[in-house]
Amino acid sequence: MKLSNIVVFVLMLGLVALLVFYIPLEVIKGVSARTLDPLFGGVVAALSILSGAALGFFSLVFTLVKPLEEVGDRGIELKMRETEKKILAYRARQRAMLEELDAIKKELEEIRDILKEGMGV
């Protein structure tokens, strides 16, 4: 992630904190001191909180999610290569296990034949 994205995100976080916490707190203080009309204070506080929430959401989307999309095809390509390597390793392991099982089967058949001869069957 770029440093500029981090700086923008931190600045937006400060603005969101101002809109969501500080302004409604000051409005509540004004309404409590009876220097501000309660209806007007409620509208200002609600608009401040809503605009802060929207700004926070969009700052997250444009500063954190957008750089992830820029990785895009390159990231998918790397994941595909890793997956292909894992599949090849798994196939090789399975082939080796099958060869071992074939060898074990031959040995067990030889043991069976020896046992049959010993029992006179």
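Read on for a plain summary of the structure. Just so it is clear, the model here is predicted, and its values are computed rather than measured. (Residues numbered from 1 in each chain as written. Predicted model: local features only at pLDDT ≥ 70, side-chain atom pairs only at ≥ 80, totals over all residues. Heavy atoms only, no water.)

Next up on the list: the overall build of the protein. On a plain count of helices and strands, the protein comes out with two helices and zero strands. For the protein, buried positions account for 12% of its 121 residues. Expressed as a percentage of contacts within the protein between residues at least 6 apart in sequence, the contacts between residues at least 24 apart total 71%. (Helix = DSSP H or I, 4+ residues; strand = E, 2+ residues; numbered from the N terminus. Buried < 20%, exposed > 50% of the residue type's maximum accessible area, 1.4 Å probe, protein only. Contact = heavy atoms within 4.5 Å.)

Counted at 1.5 Å a residue, the expected span for helix α1 (residues 3-32) with its 30 residues is 44 Å, and the 43 Å between its end C-alpha atoms agrees. By the largest-angle criterion, Leu18 marks the main kink of α1, which is about 35°. Within α1 the residues assigned to the buried category are Asn5, Phe9, Val16, Leu19, Pro24, Val27 and Gly30. Phi for Arg34, located one or two positions after α1, is positive at around 60°. (Expected span 1.5 Å × (residues − 1). Bend = angle between axes of the 7 residues up to and from the residue.)

A cluster of nonpolar side chains, contributed by Leu98, Leu101, Ile104, Leu108, Ile111 and Leu115, occupies part of the molecular surface with about 600 Å² of accessible area. As for its position among the elements, Leu108 is in helix α2 (residues 38-119). (Patch = residues over 30% accessible without salt bridge, like charges linked within 9 Å, V, L, I, M, F, W, Y side chains within 5 Å. Areas by Shrake-Rupley, 256 points an atom, 1.4 Å probe, with all protein chains shown as cover. Salt bridge = Lys/Arg side-chain N within 4 Å of Asp/Glu carboxyl O.)

Moving on, we get to the side chain of Ser59. Within the secondary structure layout, Ser59 lies in helix α2. Take Ser59: its relative accessible area is 6%, and that puts it in the buried class. Filtering out sequence-adjacent residues up to four positions away, Ser59 remains in contact with Phe9, Met12 and Leu64.

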